[in-house]
Protein chains: 2
Amino acid sequence: MARPRQIDRAAILRASLAIADERGVDALTMQAVADHLGVTPMALYRHVENKQDLLDGVVESLLDEIAPSSDDDPWDEQLSKMGQAIRAAARRHPTVFPLLLQLPATTPGARRARARVYRSLRRAGVAADDLERVERLISTIVLGFAASEVSGRFRAHSRKALDADYAALEDLIRRGLAPYLG
Amino acid sequence: MARPRQIDRAAILRASLAIADERGVDALTMQAVADHLGVTPMALYRHVENKQDLLDGVVESLLDEIAPSSDDDPWDEQLSKMGQAIRAAARRHPTVFPLLLQLPATTPGARRARARVYRSLRRAGVAADDLERVERLISTIVLGFAASEVSGRFRAHSRKALDADYAALEDLIRRGLAPYLG
DNA sequence: ACCTGAACACCGTTCAAGT
DNA sequence: ACCTGAACACCGTTCAAGT
């Protein structure tokens, strides 16, 4: 428990995510983060603008956890893997993940994540004109489901039931997307 | 601006929603609600358990705003109207609405809202065994979109672009649901 | 350049006291 | 039965001061 000398933005965001995962996003206070890093709360303001900036940073850091699926897989497989990766990230960070739906899609991390989906869709045969719209539809559906399942909305449902729901959702997306896959 | 003598749970939730709509959910404090009602913050605790209970109540009150569509309309029309009603409610309450995705679906208001969709789906020909799953899929998709569009995720998009996105989403749902409509 | 001490305004909540 | 005053622990944030 020696105090780490390197306190920078990345370390602050890492500590913040850990606190939110362990004790919930409500326990994510400037003081808790400072304690975790062996520093006073005021020291954080050198590296983050304020609490909202810190929170935005934490939410955005989730995007980098959604691993790019292998480009070699067929379209179906890529959709499947992306869904599982997103659901797994949601489960790892149940109180922070739902905030992704509120994150402006113009941040660097959001752009990177979108670029990966664009590539998948292009290889699947989606026309250039439809690319952005299709990406918005898919990500909205998948994020909405993942947020719902980790944040209490489906609290009464077993993991097995949620998996079956998600499989049905994936089928629905596949059918719904058929016209775009030309 | 005479202080209303009737301070009960309903009045508290109404005042809370008004404050959140005007100044954002972050401005929804016990003190702000008390001020709005001409009372001290401590008086609220007679009618709500605590801040979280108040917030839950406010979120749940949104569900009652999603008007039941007319039973006479054909299935397509009902889906359309439900979507518009939900998006309109989201626009009226942009900072509170996204919390719907976190509200346990076991509250009375949530049950009522679901019952309405069940009836629609049954009339559309969805088998009894598929009813609950189909409802979960549809509401997840529509809530996810509505939350996204009012909470900054699509901040860069015009109202026209969002309407077009939603139309595409509705088409996608229709195609995806076809197998269930037997 | 980076962290700290002291201070401020605000927040949720409790409890005994008032009516 | 219902509201209030006083009080507490905690929160985000600023700023001058330390190293």
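In this text, all values refer to a predicted model and were calculated from it rather than measured experimentally.

Trainee: Please explain the overall build of chain A as it appears in this structure.
Mentor: Looking only at helices and strands, chain A features seven helices and zero strands. Written out in order from the N terminus, the α and β elements of chain A read α-α-α-α-α-α-α. Across chain A, contacts joining residues at least 24 apart in sequence account for 69% of those joining residues at least 6 apart.

Trainee: Just checking my understanding: could you explain the interface of chain B and chain A for this structure?
Mentor: Contact with chain B, which involves 37 residues of that partner, is made by 37 residues of chain A. Interface of chain B and chain A: buried area, both sides summed, is about 3200 Å²; carbon and sulfur atoms make up 61% of it. When residues of chain B are sorted by the area they lose upon contact with chain A, Leu101, Arg153 and Leu172 of chain B head the list and together hold 20% of the total. Viewed at the interface, chain A and chain B are joined by four salt bridges. Note that Asp165 of chain B is salt-bridged to Arg136 of chain A, the shortest N-O span being 2.5 Å.

Trainee: Whenever I open this one, the protein's contact with DNA strand C confuses me. Can you help?
Mentor: Inspection of the region around DNA strand C gives 14 residues, with Ile7, Thr40, Met42 and Arg46 of chain A together with Lys51 of chain B positioned closest. Considering the 4 Å shell around the protein, atoms of DNA strand C inside it are sugar or phosphate in 54% of instances. Within the contact set of DNA strand C, a phosphate oxygen lies 3.0 Å away from a side-chain nitrogen or oxygen of Tyr45 of chain B. Along the lines of polarity and charge, the residues of the surface near DNA strand C split into seven nonpolar, five polar and two charged.

Trainee: Got a minute to help me understand the relation of the copies chain B and chain A in this structure?
Mentor: Think of it as a corkscrew move, a rotation about one axis and a shift along it, taking one chain copy to the other. In screw terms, the move from chain B to chain A is a rotation of 180° and a rise of 0.0 Å along the axis, fitting with an RMSD of 0.0 Å. On the angle and the small slide along the axis, the relation comes out as a two-fold axis. Of the residues that chain B buries at the interface, 100% are likewise interface residues in chain A, meaning the two copies contact each other through the same surface.

Trainee: Please clarify how the pattern of salt bridges should be interpreted in this entry.
Mentor: Should their charged atoms come close, side chains of opposite charge can pair. Residues and elements named next belong to chain A. Following the criterion strictly, the structure yields 24 salt bridges over all chains and no others. With its nearest N and O atoms 2.7 Å apart, the salt bridge here joins Asp53 to Arg9. Here Asp53, found in helix α3 (residues 51-63), pairs with Arg9, found in helix α1 (residues 9-23); they are 44 residues apart in sequence, far enough to count as distant. A salt bridge links Arg112 to Asp64; the nearest nitrogen and oxygen atoms lie 3.2 Å apart. Note that Arg112 is positioned in helix α5 (residues 108-124) and Asp64 in the loop between α3 and α4 (75-92), a separation of 48 residues in sequence.

Trainee: I'm lost on the packing of aromatic side chains in this one. Help?
Mentor: We describe a pair of aromatic rings using the distance from one ring centre to the other and the angle between the two ring planes. Taken as a whole, this structure holds four aromatic pairs over all chains when the rule is applied. Judged by centre distance (5.4 Å) and plane angle (50°), the ring pair of Phe145 of chain A and Tyr166 of chain A falls under tilted. One end of the pair, Phe145 of chain A, is in helix α6 (residues 131-150); the other, Tyr166 of chain A, is in helix α7 (residues 159-177), and 21 residues separate them in sequence. Residue Phe145 of chain A is classed as buried on the basis of its relative accessible area of 1%. Overall, the relative accessible area of 2% leaves Tyr166 of chain A in the buried class. Ring geometry for Phe145 of chain B against Phe154 of chain B: centres 6.2 Å apart, planes inclined by 50°, an arrangement best described as tilted. Given a relative accessible area of 3%, Phe154 of chain B falls into the buried group.

Trainee: For this particular structure, what's the right way to read the nonpolar core?
Mentor: Side chains of a nonpolar character, in soluble globular proteins, are inclined to be buried together. In this structure, Leu44, Phe97 and Ile138 of chain A together with Leu44, Phe97 and Ile138 of chain B are the most contacted members of the largest nonpolar core, which totals 122 residues. Aside from chain neighbours lying at most four places away, what touches Phe97 of chain B is Leu62, Ile86, Ala89, Ala90, Leu143, Ala146 and Ala147 of chain B.

Trainee: Please clarify how the protein's contact with DNA strand D should be interpreted in this entry.
Mentor: Neighbouring DNA strand D are 14 residues, the closest being Lys51 of chain A together with Ile7, Thr40, Met42 and Arg46 of chain B. Here, DNA strand D places atoms within 4 Å of the protein, and 54% of those atoms are sugar or phosphate. Take Lys51 of chain A: an N or O atom from its main chain is 2.8 Å from a phosphate oxygen of DNA strand D. Contact distances for DNA strand D include 2.9 Å between a base nitrogen and a side-chain N or O atom of Arg46 of chain B. Those elements giving two or more residues to the surface near DNA strand D turn out to be α2 (30-37) of chain A together with α3 (41-44) of chain B.

Trainee: Any chance you could explain helix α5 (residues 75-92) of chain B here in plain terms?
Mentor: In an α-helix there are 3.6 residues to a turn, and that puts residues three or four apart on one side. Residue and element names in this part refer to chain B. With 18 residues, α5 should cover 26 Å at 1.5 Å per step; its first-to-last C-alpha distance of 26 Å lies within 8% of that length. Among all positions in α5, only Trp75, Gln78, Leu79, Met82, Gly83, Ala85, Ile86, Arg87, Ala89 and Ala90 are buried. Contacts made by the buried residues of α5 are with α6 (108-124), α7 (131-150) and α8 (159-177).

Trainee: Is there a simple way to think about empty space enclosed by the protein in this case?
Mentor: In this approach a probe as big as a water molecule rolls over the atoms, and the regions it shows empty are the leftover space. If you walk through the whole model with that rule in mind, you get one cavity of 30 Å³ or more. As a volume, the largest cavity reaches approximately 40 Å³. Along its surface, the largest cavity is lined by Pro98, Leu101, Gln102 and Ala147 of chain A together with Pro98, Leu101, Gln102 and Ala147 of chain B. Of the residues that constitute the lining of the largest cavity, the class distribution is six nonpolar, two polar and no charged.

Calculation notes
- Residues numbered from 1 in each chain as written.
- Chains lettered and ligands numbered in written order.
- Predicted model: local features only at pLDDT ≥ 70, side-chain atom pairs only at ≥ 80, totals over all residues.
- Heavy atoms only, no water.
- Helix = DSSP H or I, 4+ residues; strand = E, 2+ residues; numbered from the N terminus.
- Contact = heavy atoms within 4.5 Å.
- Buried area = accessible area lost by both parts, 1.4 Å probe.
- Salt bridge = Lys/Arg side-chain N within 4 Å of Asp/Glu carboxyl O.
- Near = heavy atom within 4 Å.
- Polar contact = N/O pair within 3.5 Å; in protein donor to acceptor, adjacent residues only side chain to side chain.
- Nonpolar A, V, L, I, M, F, W, Y, C, P; charged D, E, K, R; others polar.
- Least-squares fit on C-alpha atoms with pLDDT ≥ 70 in both.
- Phe/Tyr/Trp six-rings, centres within 6.5 Å; stacked < 30°, edge-to-face > 60°.
- Buried < 20%, exposed > 50% of the residue type's maximum accessible area, 1.4 Å probe, protein only.
- Core = buried A, V, L, I, M, F, W, Y, C linked by side-chain atoms within 4.5 Å.
- Expected span 1.5 Å × (residues − 1).
- 1 Å grid on protein atoms, 1.4 Å probe; cavity = no way out; pocket = protein on both sides within 12 Å on 5 of 7 lines; lining within 4 Å.
- Points joined across faces, edges and corners; volume = space filled by probe spheres on them.

Honestly, that's just the spatial picture; any functional story needs more than this.
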